[in-house]
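Listed below are the residues making up each chain.
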Amino acid sequence: MSNLQNKSDILTDAAKFLHDKGWYPAVAHGAYYGCYQLSKHIWLHKMRKTQQELDMLCSSGKIGSHEVLINEVRNFMRDSKKTDCNNHMSDYYRLIGQLKRLRVKADYDDEIFDSSASRNAISLSDTIIPILKKYQ
């Protein structure tokens with residue numbers, strides 16, 4: 001197990017723990033980064049890319065590392081030709097975008113992040129992670 005896989009598991013569990021404690025605004029962060037770190041594991045260990053390559057793609061395209069990584073992992077899924085890869089690719093891209101928006105709302109917006117939003121973040125993560133695990 002890579003360190004990123006381990007961190008992903010820890011953050012996913014932490015999100016559920018925080019939800020159970022009623023600390024809802026902190027949940028989306030762990031749920032999102034649990035998925036992000038598993039995506040990064042795929043980038044480094046399955047796609048055999050480096051952090052430097054990710055940095056170069058970000059600087060050449062003038063977009064953030066999260067967007068680049070999400071797009072690259074989506075393309076990796078598509079190119080894998082695995083059974084249902086087109087569905088996986090589409091679901092991953094759509095759902096991680098929703099989860100990212102929830103994380104931004106929880107971390108930065110001056111509004112309530114309640115139990116319902118927290119549950120939604122966990123549900124999204126619980127759907128995304130099994131998709132990612134098919135490609136790790």
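Presented here is an overview of the structure given in this document.

Reading the values: the criteria
Here the residue index of a chain counts from 1 through its sequence in written order. Given that this is a predicted model, residues contribute local features only at a pLDDT of at least 70 and side-chain atom pairs are listed and counted only at 80 or more, while totals for whole chains, interfaces and linings are drawn from all residues. Side-chain numbers here rest on the full set of heavy atoms in the structure, without hydrogens or water. What counts as a helix is a DSSP run of H or I of at least four residues, what counts as a strand is a run of E of at least two, and both are numbered from the N terminus. Exposed residues in this analysis have more than 50% of their type's maximum accessible area, buried residues have under 20%, and partly exposed residues fall in between, with area computed by a 1.4 Å probe over protein chains only. We call two residues in contact when some of their heavy atoms are within 4.5 Å. Using the Shrake-Rupley algorithm and a 1.4 Å probe, accessible areas are obtained, with residue cover drawn only from the displayed protein chains. For this analysis, a ring pair means two rings from Phe, Tyr or Trp (six-membered ring only for Trp) whose centres lie within 6.5 Å, classed as stacked if their planes differ by under 30 degrees, edge-to-face if by over 60, and tilted for the remaining angles. One less than the number of residues in a helix, times 1.5 Å, gives the span that helix is expected to have.

Helix and strand counts for the protein chain stand at six helices and zero strands. The order of α-helices and β-strands along the protein chain, N terminus first, is α-α-α-α-α-α. Oriented by its inertia axes, the alpha-carbon framework of the protein chain measures out at about 40 × 35 × 25 Å. Counting across all 136 residues of the protein chain, residues that qualify as buried make up 43%. Considering only residue pairs separated by 6 or more positions, the protein chain has 67% of its internal contacts joining residues 24 or more positions apart. With an accessible surface of roughly 7,500 Å², the protein chain has 49% of that area assigned to carbon and sulfur atoms.

Once that is clear, we can look at the side chain of Ser125. Checked against the element boundaries, Ser125 lands in helix H6 (residues 115-133). Relative accessible area serves as the criterion here: at 3%, Ser125 is assigned to the buried category. Leaving out residues up to four positions away in the same chain, Ser125 has contacts with Thr12, Ala31, Cys35, Leu99 and Pro130.

With that settled, consider the environment of Ser116. Counting through the fold element by element, Ser116 comes out in helix H6. On a C-alpha basis, the gap between Ser116 and Cys35 in space is 20 Å, while along the polypeptide they are 81 residues apart.

The subject of this paragraph is the packing of aromatic side chains. Tallied over the full model, the rule gives three aromatic pairs. Ring geometry for Tyr32 against Tyr36: centres 6.2 Å apart, planes inclined by 25°, an arrangement best described as stacked. Linking Tyr32 with Tyr36, this pair stays in helix H2 (residues 27-46), spanning four residues, or about one helical turn. Each member of the pair, Tyr32 as well as Tyr36, is classed as buried. Between Tyr33 and Tyr36, the aromatic rings sit 5.9 Å apart at their centres with planes inclined by 70°, giving edge-to-face as the arrangement.

Right, let's get into helix H4 (residues 65-80). Its 16 residues give H4 an end-to-end C-alpha distance of 22 Å, which sits within 8% of 22 Å, the value for a rise of 1.5 Å per residue. Among the residues making up H4, those that are buried are His66, Val68, Leu69, Ile70, Val73 and Met77. Of the surrounding elements, those touching the buried residues of H4 are H2, helix H3 (51-61), helix H5 (85-108) and H6. Looking one or two residues beyond H4, the residue adopting positive phi is Lys81, at roughly 60°.

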